[in-house]
Structure formats: C-alpha cells, structure tokens
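Next come the chains, spelled out residue by residue.
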Amino acid sequence: MAASPNNQLSETKTLDSAAQTNGQDSPQPSCESIPPSDPQSTADTNPGEKRKRDDDDPTQNSSPHPLWKTTLCSYFRRQDGSCTHGSTCKYAHGEEELRPRLDNSWDPTSERAKKAMKGENGEKVAEKEEEEQEVMMTEMVMDGGEDGEECGDPQLSKCLVHLPRKWHGDNLRKFLSEQGITFKSAKKKKGMVVGFVSFENAEQLKSAVEELEGKSFGNKNLKVANVIPRPFERKVKSAMAATLSSQQTIDDASIKENAGVSIASNEVQDGATNCDGSALDDSTSKAKCARDAVTPLAHMPYGDQLEHKKNSVMQMLKKLTRNARKACPNGVSLPQWVLQSRERGGLPCEVEGIIESPVVNGYRNKCEFSVGYSQQGKPTVGFMLGNFREGVTAVEEPVDCPNVSKIACRYASIFQEFLQHLSFPIWNRFKNTGFWRQLTVREGRSAGKVADENFEANISEVMLIVQVCSVGLDEAQVTNEFERLAQAFAAGAAANSPPLPLNVFVVQDHQGISNVAPTDAPLRSIPIPKTESSLQPETANNIIEARIHDCISNLRFSISPTAFFQVNTLAAEKLYSLAGEWAGLGPDTLLFDICCGTGTIGLTLAHRVGMVIGIEMNASAVQDAYKNAEINGIKNCRFICSKAEDVIGSLLKEYLNVSEKQGQLSSALESSEKRILTGEEKDTCTTNAHNDGESSCQEPEKCSSENDGKEIQNQLQESSTSKDGNSSVPQFKNVVAIVDPPRMGLHPTVIKVLRTHAPLRRLVYISCNPESLVANAIELCTPSPEKVEKGKKDNRGWRNMSSAGLARHRAKSMPISEPFQPVKAMAVDLFPHTPHCEMVMLLER
Ligand SMILES: C[S@@+](CC[C@H](N)C(=O)[O-])C[C@H]1O[C@@H](n2cnc3c(N)ncnc32)[C@H](O)[C@@H]1O
C-alpha cells in the first residue's frame, strides 16, 4: 500500500519551519515564506509562515540578515512610499534600498540587473570582465590544428573572447589580417564566442594584444585571455601516441589535439535540456572548481537557499500576471485572478512556499561525469567548469560537491585512474573526435527512509553507463578495452571498504556533437567479472538485466538505463504527493499522467483514482512503467508510448465524450498502440509532427521490442475494460491531468488540446523550469478574444522573442475557449545547493 500523501504532506515542512529546524546552520533568523497580501489576509496565512518582525528587524540585530533588502518588495507602492510591513520590511523599497546578493548579483527584476546584463553600466561590466579574465581557463584548443601544424608554446597563444558566434576560422583570420596583426595560426568554431590565436614570438603577441585592445563587437568588448599552461601535455601526448598507433581513423594531428584539449562534454546548452537540476547556471559559467560550477549555493545555509529559490520563483510567477494582463484582448475584461493579483503583490495566485528536501547531501541518484582534461591537463572524470561555447573546457574532479554521493565520487575516481593509462583518446569537443566521453552513475535504493547522514547506507544497487564514440575503431580492440574497464570497476568496487554495490555496466555508443545521446543510442551490456568480495548478485547464467530499482511511496520502481527518474527520490515523493493532493482525486477520477516517464506519478496515485493513462515518448520508460505496474500489482493503468502532442487530442476526445463517434475517434490511437506494442507495421508508421494531437503515431524505431510489447498488450487488455465489462472506453466523472514536461515545457499542440477540452476542469502542472511553466500558463490562462486572429505566416521575428512574448503571441491564435485560472503554486526543492527547484501549480476553470 502506498503511504497516504496527506500524511506525507502533513510531515512536510515549508520554508519557515525548515529554517527553524536548520537553526544550527542558519545563524540568521528565518525569513517569512510569503508576505501576507493585506493585513486581513494574515488571518488565513499558515501560522508557520507569519512574518517574524522582531527577528527580521535589522535594528534588533548587530548585523543584518545576508538576504536583507536583496530582493525588491512586491508590496511596495511607490505612491505611498511604503508597503503593509512598513519600515521593518526586509525587502527593498525601490532600487535605492536594494543591496547586492551574496553572489554579488542583483535581484534579476531590478534595473541594475537589467543594466548589467545589457552592458549599459560600464563600471559593473568592467568589473565582471576583470573577474572573467581571472577565471578564464580555456585550454590550448589549437595545438595540432586541423591541418596538423604544430602550434608550439602555449605561452605564445591567446584566447579571444566575445567574438561573433556566427564566425568561423576564416572570418577570424580575415579580421586579424585586416587589423594588420601577424599570427601563426587562428582557429574559431562557429557557435562559440571564443577563438584561439597563436604567435611566432613574444613581439608578435605583444603587438597583437595592443592592437586588439578596445575593439568591440556589438555591445561586447573583445577580451584577450590567457590559455592555461598545461604541464601534463607532453606526457599525455606521448602516452597516447604510443598506444594509438594502430587506430585507423585518428591521425597524428588529432592525437596531438586531443592532448591539448580539455573536453567540454556537458556544456550549458546540454545541461539546459536536463530536468534534473544538473544544468550549469549561466551565472556560474566560469567557475573555479567543480563545487562552484554545480552547486553554486552550497556556501549558503540551507534555509537561505530555500528563501533564495522561493524568491526567484515568485519573481518568475509575477511574469504570468504581467503577460496575461498584456495579452488580454481589447474589449475583454481582465480575469479575476489578474485583478486580485494587486493584493498579492503581483502574484497570479497564492504561493504556498517551498517544500524542503528531506535529504540535503549526497541526494543525487544519478550523476553524469564528463571525461576531459583538468586545468593542469590531467585526464579527469568530473564536472565541466563552464560553457564550451564560451571556451571553458576544463573538467575538475567532483570534490566537495555536496549533492554527489560518495559512491558516485568513488566510481568517478576509479574511472579516472583507469584513464591515466590511455589507450583510446578522450573525446575532443572542438574537433568531434575521440573515444571516452562520459560516465553516468545511477544508484538504486531499497525501501525505508534513512536520515540524511546515513542516507547513502541505503544505496543497494549501482548501474554504470560509460558513453563512448567507437566510430572507425577496431571492434576487438574496443571490446578488450571494455573488458579491462569492467575489471577495473569490479576491482575498485571490491577494494572499497565496505565494498561498493555494482550491478550493471553498460556502454552507450554515441557519435553526436554533445553528450546528450538520443534514448535509442546503442547500448551494450558488459559482464562484470566476479571478485572475492564483490557485492554482485548471483544470477542464472550470469545474465544481469540492465536495470536498477528504487522506491517511492512504498512502491518499487524498475529503471532502465535511459529512462528518466527524478534524481532526488525522497523529495520526488513529496512532489508527487503534493500533486496528488491538489489534483482532487477520487474513485471516479481518470488521471492523465502526461510525460509519465517510468510511471511514477500515475502509479503512486493509482490507488486513489479509477484509472490512470500515462503518455511517454521514451519506449524503455514505457516498458518500465508497465513492469512497475506489474511488480506492484497495479491494474488500473494504461501507458501510451508516443509524443504527447501526437495522441492527446484523440485520448481526451475518447475519454471525455465517448458518444461522439467513438469508434472513429479512437481507431487511430488503437492501431498505433498495437504498433508500439507488437513492433508491427514499423515501416508504415509515419510521424506527423504538425498535427492537432489527434492522429497518433509512434517513432517506430523507438518502440520495437516484441517481447516487451506482448507483456504490455496483456496488461492493456486487462486494464482497458470498463467496470461493466462491455465498453473498452470506461467513462469517469472527473478527468484530471498532471503534466510533468521536460525543461522546454509542453508542446503547443498539447497546450491547445488541454485548453480547448472544456470538460477537463483541473490541471496540475509540475515543472523543473518555472520559466516554461509561466510561458505555458500564459497560453492556458489568457482570456479568449471575441474573434481569433489567424497565426502570422512570417515567423522570423519569433527567434528573438522571449518565451513569454512567444506565449502571448500564440495565445492570440488560441481557439476561443474558457481559460484556466491559476489557483495556487508551491515550489519543491529537489536540488539542494543548486539554483534549481521544481514548481507545482494548480490550474482550474
Ligand atoms: C521531467 S520528466 C518526468 C517523468 C516522470 N513524470 C517522473 O517524474 O519520473 C519528463 C518526461 O517527459 C518525456 N517526454 C519528453 N517530451 C515528451 C513528449 N513530447 N511527449 C511525451 N513524453 C515526453 C521524457 O522522456 C521524460 O520521461
């Protein structure tokens, strides 16, 4: 039986109580969760969230709270010169009162922040550039160029920063020549803002630096930065040259280049696509160590981190009100929630605070470690310090990153040790050549909650995924290399005290430019050799399934290598139970779990509803979802393997209005479901990316496992029969959707379908990216015009639009329909020590 979400929630602490329980960490008084909207409304406020005026008043303290006046007050009215909290308000009343934050940044909504971004404030930008120059750690990307020339002394090389992204090498060389600059070689890759120039001698370098000084592109000043010296360079080069002599496709020049480059494997661009809080923050795009890069809030007490995130989320939510107001068509009254937002300081709905993570350290059950070179040129397995496009390529060990478990760190260091004796080269992002790319450590836990300090004692299973690019390499050699690595992992795990769990070792072969591989990139399971003290389970015929297990709400989840699973399991449990509580579930509820992954949300709530329909595009995750239903004895779930935008229209029509040409409407869905499930008709299935969500077709290659298909089909036959046993489409009084999309938010078709299906009254939106939540909510909540504007054909301007601007634009062509209203929102911290958090918003109509 799943634990009652209500019970779980009643245990949940919101920010104030979190800060109180963390009193020992937080020398400063805790901050209120949400300022009450008006004096009367304080009566309705959670008592735990009331303002602690005495504590907050800096006049009562010798030094002010570190967050004192670092955020603009939402309640401040310029006309009155005050807010309801008067002079004790800890938020800044206007720009004059505003103080910089702990990381020296400004409230992002303030004029100062905007100016600093635009580069209008000369002094601030100059300061920042100075800082960047210090931390610039781009390595010698150009040694051994494409044409094989030697580049020589890194002391005679420079990075040029803030070059136009669209330039390639020819543009840079032309520019330098036009400036009369003599150089030995110049390299630049399209898309990056840095270029690399080397010189014959010190005089050439000196005059180039003088010539380039003061040059600018757009509003950015050109910066000449040092290439970090690389003491390891020669050693690595010679080791690799010796072992690589038989490698066919990697020529001598690229070997040299590999020796000279630190690889940027998890560039910000990639990270931004993750929904697991692993993205590097833009503000930390040039960190000095891995800790700063991946856990930039680690220096703050946890209570302050929560306050910081809650404030950011609230600022972001105000955008929803502003944009809905702007987008509200002429002649249509502003919706109540917009009118009432004035009493909430501009917030679109009540924000109920932030739920803290039950575990703050070592909580990540999945870590993706890049393979690259450290700032000293040592082959390293760890985190990239910044953005490849900005020329930051060094990788540093995950030392002192409090979100990473000791087990994950240990495996990173075993792999790093293995790479010191390189046989195949490390992936070179600049040239897109090389072999070793990334190590992912996924951990599984057995049931039972363990306190923060013993949390890691619960890790009982480990899956290692090593990403490589084996193109053009001898297969026997590659296999041999994997066996050696398996041996190294097994020996390292066994040598640890206590021995480390090691259940699965798979290799993912991927040729793409970034390390984010498609879910169908080839996977190969590598047997793990047995050692005397290993913790490997005994298996029949030594066949180990490539999956691990974890527990949420007393259910067991089986997870395959590429399936999404929230990285902080205990906090995810809180997230799902909050979503379930807000969804208003009951036996007569049909719950749509849109973007369901391995089925976590639907399955943990299945006992509270009549039926769950999960939609997910990753075929392995869908297979996991069915397996998870089976191992937990859950029978009222149906999972569809498809892009949500391709099936949501058919599904909603089918379940919301069965009388309307039922057979016809459901036929497309049924036939495509069979296709997924049995792997049949692969060749005839075509995906229509621009439909209205009413046709349904899977990407055939992603849904091709015949055995798993049968298993799914059996389940389906059982679960899709109605209670009276007649209809295959049971009907429910209450239909609710919980959506949990990836970072970029819901596809426009899904938004349109959800909005235009009036019987869908309630929607719970879970988001790992408040910005996309806001953009989607603009489309869902803006009132319809009297007459709909046809979408403009000319889309060129869209490229430069903000996500909110684009949403306003789309809202104009939304078919006339009843809008949703934001009812309440709450943040859930799944990612302590990072700026990220999850957000839940209830929308109703
Ligand atoms: C943030 S995860 C949430 C997964 C699941 N709800 C959970 O909590 O474990 C987003 C999921 O959406 C899936 N996804 C991404 N785009 C999709 C689309 N267009 N249609 C359906 N699923 C999609 C991803 O594969 C991923 O499993």
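Since the model is a prediction, treat every value here as computed from it, not as a measurement.

Inspection of the region around the ligand gives 23 residues, with F564, C595, G597, A644 and D740 positioned closest. Elements supplying a minimum of two residues to the shell around the ligand: α17 (600–605), β18 (611–616) and α19 (644–656). By residue class, the composition of the shell around the ligand is 13 nonpolar, 6 polar and 4 charged.

Here we come to the pairing of strand β20 (residues 734–739). Most of β20 is tucked away, with 5 of its 6 residues classed as buried. The pairing of strand β17 (residues 589–594) with β20 spans 6 bridges and is parallel. By the bridge assignment, F592 is partnered in β20 with A737. Of the pairings in the sheet, the one linking β20 to strand β21 (residues 762–767) comprises 4 bridges and is parallel in character.

Let's shift gears to the UniProt feature "active site" (unreviewed entry) in the protein chain. Here, UniProt's "active site" (unreviewed entry) annotation points to C768. Within the fold, C768 resides in the loop between β21 and α23 (770–781).

Attention now moves to the UniProt feature "binding site: S-adenosyl-L-methionine" (unreviewed entry) in the protein chain. According to UniProt, the "binding site: S-adenosyl-L-methionine" (unreviewed entry) feature falls on Q566, E616 and D740. Assignment of secondary structure puts E616 in strand β18. The exposure class of E616 is buried, given the 26 C-beta atoms found within 10 Å. Look past the residues within four positions of E616 in its chain and what remains in contact with it is C595, C596, G597, A621, V622, A625, F639 and C641. Inspection of the secondary structure puts D740 in the loop between β20 and α22 (748–756). What makes D740 buried here is the crowd of 25 C-beta atoms within 10 Å. Filtering out sequence-adjacent residues up to four positions away, D740 remains in contact with C595, I601 and I766.

Moving on, we get to the sheet that holds strand β3 (residues 194–198). Taken in spatial order, the 4 strands line up as β2-β3-β1-β6 in an open sheet, and their pairing is antiparallel. Either end of the sheet is taken by a strand with one partner, and the two such strands are β2 (185–188) and β6 (223–226). Taking the axes of each pair of neighbouring strands and ignoring which way they run, one obtains an average angle of 25° across the sheet. Bridge count between strand β1 (residues 157–161) and β3: 5 bridges; the pairing is antiparallel. The partner of L160 across the bridge, within β3, is G195. Each of β2 and β3 is contacted by helix α6 (residues 169–178), which is oriented at about 135° to β2, the strand it contacts most.

A few words on the sheet that holds strand β14 (residues 523–525). If you trace the 7 strands from one edge of the open sheet to the other, you get β10-β9-β8-β11-β12-β13-β14, paired in mixed fashion. Edge positions in the sheet fall to β10 (395–396) and β14, since each has one partner strand and no second. Direction of pairing for strand β9 (residues 379–384) relative to β10: antiparallel, over a ladder of 2 bridges. The residue of β10 that forms the bridge with M384 is V395. Seen against the sheet, helix α14 (residues 406–419) touches β8 (366–373), β9, β11 (436–445) and β12 (459–468) and runs at an angle of roughly 145° to β9.

Time to look at the nonpolar core. By size, the foremost hydrophobic cluster in this structure holds 160 residues, and its most contacted members are L464, A579, I778 and V840. Two domains each provide a minimum of three residues to this core, namely domain 2 (268–278 + 363–549) and domain 3 (551–561 + 584–780). Discounting residues that sit within four places of it in the chain, I778 has contacts with L320, N323, A324, A327, A804, A807, R808 and A811. C159, F175, F196 and V197 belong to the second largest nonpolar core, which has 13 residues in total.

About the cut-offs
- Residues numbered from 1 in each chain as written.
- Predicted model: local features only at pLDDT ≥ 70, side-chain atom pairs only at ≥ 80, totals over all residues.
- Near = placed C-beta within 6 Å.
- Helix = DSSP H or I, 4+ residues; strand = E, 2+ residues; numbered from the N terminus.
- Nonpolar A, V, L, I, M, F, W, Y, C, P; charged D, E, K, R; others polar.
- Buried ≥ 20, exposed ≤ 12 C-beta atoms within 10 Å, placed from the backbone.
- Pairing = 2+ DSSP bridges.
- UniProt positions renumbered as here; feature names shortened; annotations may be inferred.
- Contact = placed C-beta atoms within 7 Å.
- Axes fitted to C-alpha atoms, helices over the stretch in contact; angles between N-to-C directions.
- Core = buried A, V, L, I, M, F, W, Y, C linked by C-beta atoms within 7 Å.
- Domains from an automatic or database assignment.

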